[in-house]
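Each chain, written out:
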2 protein chains.
Amino acid sequence: MATIKDIANKLGIAVSTVSKGLNGASDISDEMRQLVLDTAVEMGYASKKMRTANTRKVCILIENMDYENVEQFGYEIIVGFKLSAARRHWEVSVVPANLTMQSLDKYDTYMLKNGYSGAFLLGFTLHDDWVKQLGKTTVPTVLLDNYIERNNHVGYVGTDSDEGIDLAVDHLRSLGHTRIAFLNGSKNSMVSEQRHQAFINSMMKHGVEPDEKLMAYGYYVPDCAKDHVPGFIENGATAIMCASDLIATGVITEVVKHGLRVPEDISVIGFDDLPIASQFVPSITTIRQDRIDLGKSAFLLLDGLIHNVTISKLLLRAKFIQRESTGRT
Amino acid sequence: MATIKDIANKLGIAVSTVSKGLNGASDISDEMRQLVLDTAVEMGYASKKMRTANTRKVCILIENMDYENVEQFGYEIIVGFKLSAARRHWEVSVVPANLTMQSLDKYDTYMLKNGYSGAFLLGFTLHDDWVKQLGKTTVPTVLLDNYIERNNHVGYVGTDSDEGIDLAVDHLRSLGHTRIAFLNGSKNSMVSEQRHQAFINSMMKHGVEPDEKLMAYGYYVPDCAKDHVPGFIENGATAIMCASDLIATGVITEVVKHGLRVPEDISVIGFDDLPIASQFVPSITTIRQDRIDLGKSAFLLLDGLIHNVTISKLLLRAKFIQRESTGRT
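Heads up: these notes are all about the structure in this document. (Residues numbered from 1 in each chain as written. Chains lettered and ligands numbered in written order. Predicted model: local features only at pLDDT ≥ 70, side-chain atom pairs only at ≥ 80, totals over all residues. Heavy atoms only, no water.)

**Looking at the overall build of chain A**
So, point 1. Looking only at helices and strands, chain A features 14 helices and 12 strands.
So, point 2. Over its C-alpha atoms, taken along the principal directions, chain A stretches across nearly 75 × 35 × 35 Å.
So, point 3. In chain A, which comprises 329 residues, the share counted as buried stands at 58%.
So, point 4. The long-range fraction of contacts in chain A, counting pairs at least 24 apart against all pairs at least 6 apart in sequence, stands at 69%.
So, point 5. As displayed, chain A has an accessible area near 13800 Å², and 51% of this comes from carbon and sulfur atoms.
So, point 6. For chain A, the distance from the average site of its 34 positive side-chain charges to the average site of its 40 negative ones is 7 Å. (Helix = DSSP H or I, 4+ residues; strand = E, 2+ residues; numbered from the N terminus. Buried < 20%, exposed > 50% of the residue type's maximum accessible area, 1.4 Å probe, protein only. Contact = heavy atoms within 4.5 Å. Areas by Shrake-Rupley, 256 points an atom, 1.4 Å probe, with all protein chains shown as cover. Lys, Arg positive; Asp, Glu negative; His and termini not counted. Charge placed at Lys NZ, Arg CZ, Asp CG, Glu CD.)

Encoded structure:
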């Protein structure tokens, strides 16, 4: 592992200057500090603070995800993470990330600069600069619903979509449905691809050939329903499974606009079990992701990575919750 | 949750008799004790000991797996599990299981009787009585390399075969091999099926059509090599990947018997990185499963299940270890 002296030699500057750069002293230029930090990261230098993890500071970096109140997807995930972290005496900072931040510092530099021993990334996409850098990071990092190949420092936490979707298809088949549509979330998301495949597998397992006309990618917002529900209805769907509860609310609204009733004419199933699922009228049958447990598990995984237990994937069970939005065909 | 009184009512016996049955008192008959225990389990009774987890006792049940010395597969798994358990002040019993034991008591009864809050099952197969009962168990249970559907009390820990096998195929392709054979472990094992699929996927990804004549199921012992290596050689294999290091030792012996050299004529890759892999001549290139980490992770998972965090799967990274048994074609 590189020392402060190695960094000084490489840059041809004094050890004291390197030390100032690493410790954020104000009497060197910003450019020099950045150069020192970037070089330190490149050379695999880990500060004593990071190595001994005395500070025990980790962060949740969050982007493209609502988390400010309990109605929103990220809220309980953060609560769960903090609960587990507190029990092990770790300090957690919640940091909203954005593109500017990601262009200012490399991921590893940002983490080193702020003395974080690890991070949990929420809502990032594969297009984000920092996610692109994760193939090579040495900072213990956990991603929700995203997987990075061949890097022992990065782990993936999520919910087992296969089992969740299979439970939902089971339920619809037991109610007599065969014309089952699936309105997915955004394309180019790992979790959407997984759910697409899980839906196809489960339909085949239940002896129903999935129909291309009844499968579509949308977005994780209610509004995407209007682009796809008319086509589903035209093609004889009697049930519509959705990749989120928010999508399901949009689907129900759209079905009603067509003069049809939920569940008498069309059954609808959500995903996540956000508070809206039980509050909506009709209340929404859904596949629950336990967000408190996702947060707790993310911390467990991160704690493992920090202690060199190279966990790759940690998946939680999905729970099927039956409510009013599904009925006999 | 059922109480001692509920059990007494159901059986039409005194509360004191139930209590004796549950606490292993000697002044009731064995038959009565068994009846009390079985009824308690059926009715979902959990003893106060189990509920409050005051005793903090878990067990490792082990079958069909060598673990007595450091050369053997199970040894470090148990060490890792105990390390993690000790840190959280849990007591661990290692219990060799066998068919008789499994026929004497139901799984849940055995666990209740012995006051274990959870178990880690090693080496069990899907045919075992106790594994068959896991679909309905309420005892927190972790399985190595086996998955039970739709039960929130059971989790699966293992190594990510996909990535491990992909790293090995990468290596062989970079050495110019296209005629790559795969000698798998026993059929009807979940992990063998996974590795079979992982091998096919990785070969396709590397632009090589897998050849049925170069893929076979054997057993997890060196001796199975003699049944398959001659066929592989006949069909032009220049490299043989194996589902364990023990199989790889058998394969190397068999290749040499045919007057061929490893790696000059045929490259061989193992799986696991048991001590034998580095000690063998030639030393064996392999896909490492970190068994200490498997044990640690199994405990993390079990601890999660005991605290109602319903983890379904926890997979570790595989590490590729290059040694002398592979070379250019």
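**Let's talk about the layout of surface pockets**
So, point 1. Taken as a whole, the largest pocket spans an internal volume of roughly 1500 Å³.
So, point 2. Taken together, 39 residues line the largest pocket, and the ones lying closest to its centre are A:Asp162, A:Lys313, B:Asp162, B:Gln194 and B:Lys313.
So, point 3. Looking at which element gives the most residues to the lining of the largest pocket, the answer is helix α10 (residues 190-205) of chain B, with eight residues.
So, point 4. For the lining of the largest pocket, the class distribution of residues is 10 nonpolar, 12 polar and 17 charged. (1 Å grid on protein atoms, 1.4 Å probe; cavity = no way out; pocket = protein on both sides within 12 Å on 5 of 7 lines; lining within 4 Å. Points joined across faces, edges and corners; volume = space filled by probe spheres on them. Nonpolar A, V, L, I, M, F, W, Y, C, P; charged D, E, K, R; others polar.)

**Re a nonpolar patch on the surface**
Residue and element names in this part refer to chain B.
So, point 1. A contiguous nonpolar surface patch, about 280 Å² in accessible area, is contributed by Val 70, Tyr 75, Val 79 and Leu 83.
So, point 2. If you trace the backbone, Tyr 75 turns up in helix α5 (residues 73-87).
So, point 3. Note on Tyr 75: relative accessible area 31%, which makes it partly exposed. (Patch = residues over 30% accessible without salt bridge, like charges linked within 9 Å, V, L, I, M, F, W, Y side chains within 5 Å. Salt bridge = Lys/Arg side-chain N within 4 Å of Asp/Glu carboxyl O.)

**A short note on the interface of chain B and chain A**
So, point 1. Taken together, the contacts link 29 residues of chain B with 29 residues of chain A.
So, point 2. Taking both partners together, chain B and chain A bury about 2600 Å²; carbon and sulfur atoms supply 42% of that area.
So, point 3. Here A:Lys313 makes a salt bridge to B:Asp160, at a shortest N to O gap of 4.0 Å.
So, point 4. Looking at the side of chain B that touches chain A, the element that brings in the most residues is strand β11 (residues 311-316) of chain B, giving six residues.
So, point 5. Looking at the side of chain B that touches chain A, its residues break down into 10 nonpolar, six polar and 13 charged. (Buried area = accessible area lost by both parts, 1.4 Å probe.)

**A word on the pattern of salt bridges**
Residue and element names in this part refer to chain A.
So, point 1. This structure, assessed with the given rule, holds 34 salt bridges over all chains.
So, point 2. The closest approach of N and O atoms between Lys 226 and Asp 223, which form a salt bridge, is 3.3 Å.
So, point 3. The shortest N-O distance in the salt bridge between Arg 288 and Asp 290 comes to 4.0 Å.

**A few points about the relation of the copies chain B and chain A**
So, point 1. Mapping chain B onto chain A is achieved by rotating through 180° and translating by 0.0 Å along the same axis, at an RMSD of 0.1 Å. Here the symmetry operator amounts to a two-fold rotation axis. By C-alpha distance to the rotation axis, the residue of chain B lying nearest is B:Leu314, at 2.2 Å.
So, point 2. The residues that chain B uses at the interface reappear at the interface of chain A in 100% of cases, marking a shared surface. (Least-squares fit on C-alpha atoms with pLDDT ≥ 70 in both.)

**Focus on the packing of helix α9 (residues 161-174) of chain A against helix α10 (residues 190-205) of chain A**
The packing of two helices is summarised by the inter-axis angle and the distance between the axes.
All names here are of chain A.
So, point 1. Close contact between α9 and α10 brings their axes to 8 Å; oriented N to C, the two are set at 45°. When the axis of α9 is compared with that of α10, the two are oblique. As α9 packs across α10, the resulting crossing turns out to be right-handed. Residues Ser 161, Asp 162, Ile 165, Asp 166 and Val 169 of α9 form the contact with α10, whose own contacting residues are Val 191, Gln 194, Arg 195, Ala 198, Phe 199, Ser 202, Met 203 and Lys 205. (Axes fitted to C-alpha atoms, helices over the stretch in contact; angles between N-to-C directions. Parallel < 35°, antiparallel > 145°, perpendicular 65-115°, else oblique. Left-handed = near helix turned anticlockwise from the far one by under 90°.)

**As for the sheet that holds strand β3 (residues 118-122) of chain A**
So, point 1. Taken together, the 12 strands give an open sheet; going across it, the order is β2(A)-β1(A)-β3(A)-β4(A)-β5(A)-β11(A)-β11(B)-β5(B)-β4(B)-β3(B)-β1(B)-β2(B), and neighbouring strands pair in mixed fashion. Here the strands that pair on one side only, and so sit at the sheet edges, are β2 (91-96) of chain A together with β2 (91-96) of chain B. Pairwise comparison of adjacent strand axes, ignoring direction, gives a mean angle of 20° for this sheet.
So, point 2. Here four bridges tie strand β4 (residues 141-144) of chain A to strand β5 (residues 154-159) of chain A, and the two strands are oriented parallel to one another. Bridged to A:Leu143 within β5(A) is A:Tyr156. (Pairing = 2+ DSSP bridges.)

**Some words on the side chain of B:Asn184**
Residue and element names in this part refer to chain B.
So, point 1. Looking at where Asn 184 falls in the secondary structure, it is placed in strand β6 (residues 180-184).
So, point 2. Of note is the side chain of Asn 184, whose polar atom sits 2.9 Å from the backbone oxygen of Ser 192.
So, point 3. Sequence-distant contacts of Asn 184, defined by excluding residues within four places in its chain, comprise Ser 192, Arg 195, His 196, Ala 216, Tyr 217, Gly 218, Tyr 219, Tyr 220, Ala 243 and Ile 247. (Polar contact = N/O pair within 3.5 Å; in protein donor to acceptor, adjacent residues only side chain to side chain.)

**A short note on the packing of helix α3 (residues 30-42) of chain A against helix α7 (residues 107-114) of chain A**
All names here are of chain A.
So, point 1. Running from N to C, α3 and α7 cross one another at 110°; their axes reach a closest spacing of 9 Å. Judged on the interaxial angle alone, α7 and α3 are roughly perpendicular. Contacts from Gln 34, Leu 37, Asp 38, Ala 40 and Val 41 of α3 reach α7 at Asp 108, Thr 109, Leu 112 and Lys 113.
So, point 2. Counted by class, the contact of α3 with α7 contains four nonpolar, two polar and three charged residues.

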